[in-house]
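# A look at the structure
Below are the chains, spelled out letter by letter.
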Amino acid sequence: MGERRPACRRLLPRRAALLAAALLVMAGCGGGGAALPAQDAVAQYEVVAEDVLGALTAVRPLAWERGAQGVIEPGAQDCRYRPGIWTADDVLYPEPGQGRDWGPWREALDPVLEEHGFTPLGREQSSGAAYWLESKGPSGSRLQLYIDGELRITDVRVDAEPCEDATLGL
């Protein structure tokens, strides 16, 4: 028969995993993290957006137009900032039958996302006719790339009192 380990030794790997997960959350990894100071949020995410759009353009030259920048819910206790929703002048895969090969987009974006503290793009998600990839970043942020040519960067937690565009300098 096999040797029985004491209960404390059997629980050690589980406890170590829980401790590691807690440390990652406290360090701001995995999509959580502290809210950004209001005065830093816009400038920080301008750099993220510029780098991401540069990587997208390297895959396929599209013109991107920005909209919907600002505080998501003015006056909210948990203040969230949306750096923007960008719309391309074309879909990512314009040719019928071309399929959805996310490979080139992942190869271009994942290193840029990692540089800015985001996770690699996850598996393809869908709702109805919408298909997208998503990445989670610092301070609760999310980046979503839609097959129809839409890029969203949203849900950045900010320390803004009051929770308004003007507090962020917008």
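Here the residue index of a chain counts from 1 through its sequence in written order. pLDDT decides what is reported in this predicted model: residues at 70 or higher carry local features, side-chain atom pairs at 80 or more are listed and counted, and totals for whole chains, interfaces and linings draw on all residues regardless. Hydrogens and water are ignored here; the side-chain numbers use all heavy atoms of the structure.

## What to know about the pairing of strand β7 (residues 130–136)
Strand pairing requires that DSSP identify at least two bridges connecting the strands. Secondary structure elements follow DSSP: runs of H or I of four or more residues count as helices, runs of E of two or more count as strands, with numbering from the N terminus. Across 3 bridges, the pairing between strand β6 (residues 125–127) and β7 is antiparallel. From the neighbouring strand, Ser-127 faces β7, where its bridge partner is Ala-130. Linking β6 back to β7 in an antiparallel pair, the connection comprises 2 residues, with Gly-128 at a positive phi of about 65°. Where β7 meets strand β8 (residues 142–146), 5 bridges bridge the pair, whose relative direction is antiparallel. Bridge assignment links Glu-134 to a residue of β8, and that residue is Gln-144. In textbook terms, the turn of a hairpin is the stretch between consecutive antiparallel strands, and for β7 and β8 this stretch comprises 5 residues, one of which, Ser-139, has a positive phi near 55°.

## Looking at the packing of helix α2 (residues 38–59) against helix α3 (residues 103–115)
Only the stretch in contact is used when a helix axis is fitted, and all axes are lines through C-alpha atoms; the angle between N-to-C directions ranges over 0 to 180 degrees. Contact geometry of α2 with α3 gives a least axis separation of 9 Å together with a crossing angle of 160°. Between α2 and α3, the angle is such that the two are roughly antiparallel. Crossing geometry of α2 relative to α3 is assigned as right-handed. Within the contact between the two elements, α2 uses Asp-51, Val-52, Ala-55, Leu-56 and Val-59 and α3 uses Pro-104, Trp-105, Ala-108, Leu-109, Val-112, Leu-113 and Glu-115. Any angle from 65 to 115 degrees is called roughly perpendicular, while one under 35 is roughly parallel, one over 145 is roughly antiparallel, and all others are oblique. Whether a crossing is left-handed or right-handed is set by the direction in which the near helix is turned from the far one by less than a right angle, anticlockwise for left-handed and clockwise for right-handed. We call two residues contacting when some pair of their heavy atoms lies within 4.5 Å.

## Focus: the pattern of salt bridges
The salt bridge definition used is simple: a Lys or Arg side-chain nitrogen within 4 Å of an Asp or Glu carboxyl oxygen. Inspection of the entire model under this criterion finds 8 salt bridges. The salt bridge involving Lys-136 is made with Glu-134; its shortest N-O contact spans 3.0 Å. Throughout this description, buried means an accessible area under 20% of the type-specific maximum (1.4 Å probe, protein chains only), exposed means over 50%, and partly exposed covers the range between. For Lys-136, a relative accessible area of 39% translates into the label partly exposed. One salt bridge connects Arg-152 with Glu-150, and the closest N-O pair in it is separated by 2.5 Å. Overall, the relative accessible area of 29% leaves Arg-152 in the partly exposed class. Taken together, the shared-partner salt bridges in this structure form one network comprising Glu-134, Lys-136, Arg-142 and Asp-155.

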